[in-house]
Amino acid sequence: MATADELRHTAQVDEAFRLETEGNGIIAEHRRHGMPRELFYVWFAAVLTFTGVVTGQLFTGVFGLNVWESLLIVLLCSISFAALGLYVATGPRAGTVTLTISRAAFGVHGGKIPAFFSWFTAVGWESVTMVLTVWAMLSLAQYVGLPSTGVGPTLVALVITLFLTYLVPILGHATLVVMQRVLAIVLAACTVLVLFAVLPDVKWNFNPPASALAAHGVFPTFLLALSVGLASTFYGWANFAADYSRYLPKDTKTSRMVWATFLGGGLANFIMMGLGVVLGTIINAKAFSENPVMAIAKAIPEWAAIPFLIVVVLGDVCANYLNAYSSGMSFLSMGIRLKRHFAVALDGAICTAIGIYALFFSNNFVDFFENFLDLMITVMGPWAAIYIVHHFVVRGRYAADDLVDTSPSSVYWYNGGFNWRAILAFVVGAVATFLSVNSALWQSPLTNGWFGGADVSAYAAPIVTGIVYLLISPRRERANHRKVEAKAS
């Protein structure tokens, strides 16, 4: 006879090419499945995207660093995927998605605050990636002799992009995992061809004059570029991390999840961001800013242009599988009652509107992209610090059912559903991060006065937030943890 828990979770479906019926609820133990190695393909395909090329090109083409300084930044950003693996490892422990797990630190109602910001940034990533996909399709159309300019072809490319982007996330987790594995192989093959085409023309001695540096000196510029790089790698994925591991068995080893994430995401990032760095030595920065996809397609040998455009289209579609799926999960984590697939469809409608603006009304996409990253880190950076510090304070133990129980009986009720200590640390961290930003949209007076023009937001977020949170919250968290352990026993 089935247990009460089994009866309560009988509606859960997670099979490839069938509609996933689970939203942000708790995955029952008897429905857990999969192996950590599947995470390698999930992150490899998601990170092997043109977004990394755009970011890497900023280091040499915009910030004025040389090739080797830029490649060191690429290496550090790639290593950050090992830290992302720690966030991935929280999924099996709690059995639900990242922003629902976040309620353990912020409270069952307080968790809606970072969930909103997570949803907002996920929608931003979807929109940015959608624009890059449309540009790649138009460039591909030009190479094969099809109409590629004007409103009509752009709208056709947008419709095709929407279909490719949202079909898989609407079907759900298992379909996404299968498609990422298949597309990872195709992407790797095409990327190898592009690398062989580009490397002979790279100017390895590329070294812009000091006047080209974006900040006051090499080291401040290095910090600025690394901050932007981390915003597009670790910080860009942290709020999605557990969404793709929550179906794994609860006793899955953390080390295996960390290695799979590090190898998949880190390798893909080094390839694509590194490609952007070397392309910055041979491509006109103005042309790249106006249409980065076409600028590269025209700069590489003609035989490599089509494989390159395939990488852009498929890579960005793979990235948007995760963006669209997780934005829907963040939407549900705000407490909005909606079927998971409807949440994904709603996100698609919003992203379409943003994409239309970027395609038809924005004349400088790279500035838009850079500004978006800076805005994102001011809220997701402090959240990321609180999330992982809390995880270690409670030793990875969660009262899973209480994460989705929004009544006062939940151990995560705190004070009216809010953990005000965590929220205070979040606000202080967000203010500190905002005051350390140096971007085209906002330049803090502190960046010039204290940091030589460097953007240090990627470092202010975890340091300031982590210190404040550790000073005011752990005693309360440990007391709450004892309730969790008592309930579990």
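Let me sum up the structure you'll find in this document. It should be emphasised that the depicted structure is a prediction, and the values quoted were computed from it without experimental measurement. (Residues numbered from 1 in each chain as written. Predicted model: local features only at pLDDT ≥ 70, side-chain atom pairs only at ≥ 80, totals over all residues. Heavy atoms only, no water.)

**Topic: the overall build of the protein chain**
For the record, the criterion: Counting from the N terminus, the helices are DSSP H or I runs at least four residues long and the strands are E runs at least two residues long. Based on C-alpha atoms, the radius of gyration is set beside the globule rule, defined as 2.2 Å times the residue count to the power 0.38. Partly exposed residues are those whose accessible area sits between 20% and 50% of the maximum for their type, while under 20% is buried and over 50% is exposed, using a 1.4 Å probe and protein chains only. Contacts between residues were defined by any pair of non-hydrogen atoms, one from each residue, lying within 4.5 Å. Accessible surface is estimated by sampling points in the Shrake-Rupley manner with a 1.4 Å probe; for residues, cover comes only from the protein chains shown. Under this rule, positive means Lys or Arg and negative means Asp or Glu; His and the chain ends count for nothing. Each charge is placed at NZ for Lys, CZ for Arg, CG for Asp and CD for Glu.
Of regular secondary structure, the protein chain possesses 23 helices and zero strands. Taken over C-alpha atoms, the radius of gyration comes to 22 Å for the protein chain, in line with the 23 Å a tight globule of 489 residues would show. By its C-alpha atoms, the protein chain is 65 × 55 × 40 Å across when sized along the principal axes. Taken over 489 residues, the protein chain has a buried fraction of 61%. Counted over contacts in the protein chain with a minimum sequence separation of 6, partners at least 24 positions apart contribute 86%. Entry remark: accessible area of the protein chain is about 18600 Å², with carbon and sulfur atoms responsible for 68%. Of the side-chain charges in the protein chain, 28 are positive and 26 negative, and the distance between the mean point of each set is 10 Å.

**Quick notes on the pattern of salt bridges**
What counts here: For this analysis, a salt bridge means a side-chain nitrogen from Lys or Arg found within 4 Å of a carboxyl oxygen belonging to Asp or Glu.
Taken as a whole and judged by the stated rule, the model has four salt bridges. Ionic pairing is found between glutamate 15 and arginine 18, a salt bridge with its closest N-O pair at 3.1 Å. Of the charged contacts in the structure, one is a salt bridge between arginine 32 and glutamate 29, with a shortest N-O distance of 3.7 Å. Under the relative-accessibility criterion, arginine 32 is labelled buried at 12%. Look at the salt bridges and you will find they share partners, linking Glu20, Arg246 and Arg340 into a network.

**Some words on unusual backbone geometry**
Most of the time, phi is negative for any residue but glycine, and the peptide bond is trans. For arginine 395, which is not glycine, the phi torsion reads 60° and is therefore positive. Looking at the secondary structure, you find arginine 395 in the loop between helix H18 (365-393) and helix H19 (400-403). On the accessibility criterion, arginine 395 (68% relative accessible area) is exposed. The backbone of tyrosine 414 shows a phi angle near 55°, a positive value even though the residue is not glycine. In this fold, tyrosine 414 is placed in the loop between H19 and helix H20 (420-434).

**Section: a nonpolar patch on the surface**
Our working rule: Residues forming no salt bridge and having over 30% relative accessible area are the ones grouped into patches, like charges within 9 Å of each other and nonpolar side chains (Val, Leu, Ile, Met, Phe, Trp, Tyr) within 5 Å.
On the surface, Leu424, Val428, Ile463, Ile467, Leu471 and Ile472 cluster together to form a nonpolar patch covering roughly 540 Å² of accessible area. At the level of elements, H20 and helix H22 (457-472) are the ones that each hand at least two residues to the nonpolar patch. Sort the elements by how many residues they give to the nonpolar patch and H22 lands first, with four residues. Along the chain, isoleucine 472 turns up in helix H22. For isoleucine 472, a relative accessible area of 31% corresponds to the partly exposed category.

**So, the environment of glutamate 15**
As a reminder of what qualifies: For the purposes of these results, a polar contact is taken to be a pair of N or O atoms within 3.5 Å, where, inside protein, one atom must be able to donate a hydrogen and its partner to accept one; residues adjacent in sequence count only when each atom of the pair is a side-chain atom.
Structurally, glutamate 15 can be placed in the loop between helix H1 (4-8) and helix H2 (38-47). Taking the relative accessible area as the measure of exposure, glutamate 15 reaches 42% and is therefore partly exposed. Measuring from C-alpha to C-alpha, the distance between glutamate 15 and phenylalanine 240 comes to 20 Å, with 225 residues separating the pair along the chain. Residue contacts for glutamate 15: discarding those within four places in its chain leaves Ala174 and Thr175. A polar side-chain atom of glutamate 15 sits 3.1 Å from a polar atom in the side chain of arginine 18.

**Observations regarding the nonpolar core**
Formally: To define a nonpolar core, start from buried Ala, Val, Leu, Ile, Met, Phe, Trp, Tyr and Cys residues and group those joined through side-chain atoms within 4.5 Å.
Counting residues in each nonpolar core, the largest one holds 145 residues, and the members touching the most others are Trp237 and Phe308. The greatest single-element share of this core, amounting to 16 residues, is contributed by helix H16 (residues 302-333). Those residues in contact with tryptophan 237 that lie beyond four places of it in its chain are Trp43, Ala46, Val47, Phe81, Leu84, Ser232, Ala319, Leu322 and Asn323.

**Regarding the packing of H2 against helix H13 (residues 254-279)**
What counts is decided by this rule: Only the stretch in contact is used when a helix axis is fitted, and all axes are lines through C-alpha atoms; the angle between N-to-C directions ranges over 0 to 180 degrees. Each angle receives one of four descriptions, namely roughly parallel if under 35 degrees, roughly antiparallel if over 145, roughly perpendicular if within 65 to 115, and oblique otherwise. Handedness of a crossing follows from how the near helix is turned relative to the far one, being left-handed for an anticlockwise turn of less than a right angle and right-handed for a clockwise one. Each residue is assigned to one class: nonpolar for Ala, Val, Leu, Ile, Met, Phe, Trp, Tyr, Cys and Pro, charged for Asp, Glu, Lys and Arg, and polar for all the others, Gly among them.
The contact between H2 and H13 brings their axes to 8 Å, and the two run at 20°. Our classification of the angle between H2 and H13 gives roughly parallel. Relative to H13, H2 is oriented so that their crossing is right-handed. Residue-level contacts link Leu39, Phe40, Trp43, Phe44 and Val47 of H2 to Met257, Ala260, Thr261, Leu263, Gly264, Gly265, Leu267, Ala268, Asn269 and Met272 of H13. Taken together, the residues of the contact of H2 with H13 sort by class into 11 nonpolar, four polar and no charged.

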